[in-house]
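Per-entry structural report
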Amino acid sequence: MNLTEKSTENVEYMIEAIKGKLKVLNLGAIKPSHFDEEMYEELKDIYELVMRKPSFSPNEMQAIAEELGNLRKR
């Protein structure tokens, strides 16, 4: 997967990978359709952070969820 290109497919891939890594229980809360390519770089930064870390504290998970919420389409 070439994440250097802004595309809907890459947004979907990153969101699904983040959800899988964080083991998001409410899968409906985070959908790829909630994001657009306008916030691609910010989403990619979150994706890279999540993929780097082996585990997350509850506070870190909450902070990541809040950041994803801030990136959602308005």
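Below, the structure is looked at part by part.

Cut-offs used in this document
- Residues numbered from 1 in each chain as written.
- Predicted model: local features only at pLDDT ≥ 70, side-chain atom pairs only at ≥ 80, totals over all residues.
- Heavy atoms only, no water.
- Axes fitted to C-alpha atoms, helices over the stretch in contact; angles between N-to-C directions.
- Helix = DSSP H or I, 4+ residues; strand = E, 2+ residues; numbered from the N terminus.
- Left-handed = near helix turned anticlockwise from the far one by under 90°.
- Contact = heavy atoms within 4.5 Å.
- Nonpolar A, V, L, I, M, F, W, Y, C, P; charged D, E, K, R; others polar.
- Polar contact = N/O pair within 3.5 Å; in protein donor to acceptor, adjacent residues only side chain to side chain.

Next up on the list: the packing of helix α1 (residues 8–22) against helix α2 (residues 40–52). As a packed pair, α1 and α2 sit with axes 10 Å apart at the nearest point and diverge in direction by 35°. Every pair of crossing elements has a handedness; the one defined by α1 and α2 is left-handed. In this structure, α1 uses N10, V11, Y13, M14, I15, A17, I18, K21 and L22 to contact α2, whose residues at the interface are Y40, L43, K44, I46, Y47, V50 and M51. A per-class count over the contact of α1 with α2 returns 13 nonpolar, one polar and two charged.

By the secondary structure assignment, H34 is in the loop between α1 and α2. A distance of 3.3 Å separates the side chain of H34 from the side chain of R72, its partner in a polar contact.

As far as function goes, none of this settles anything; it's purely spatial.
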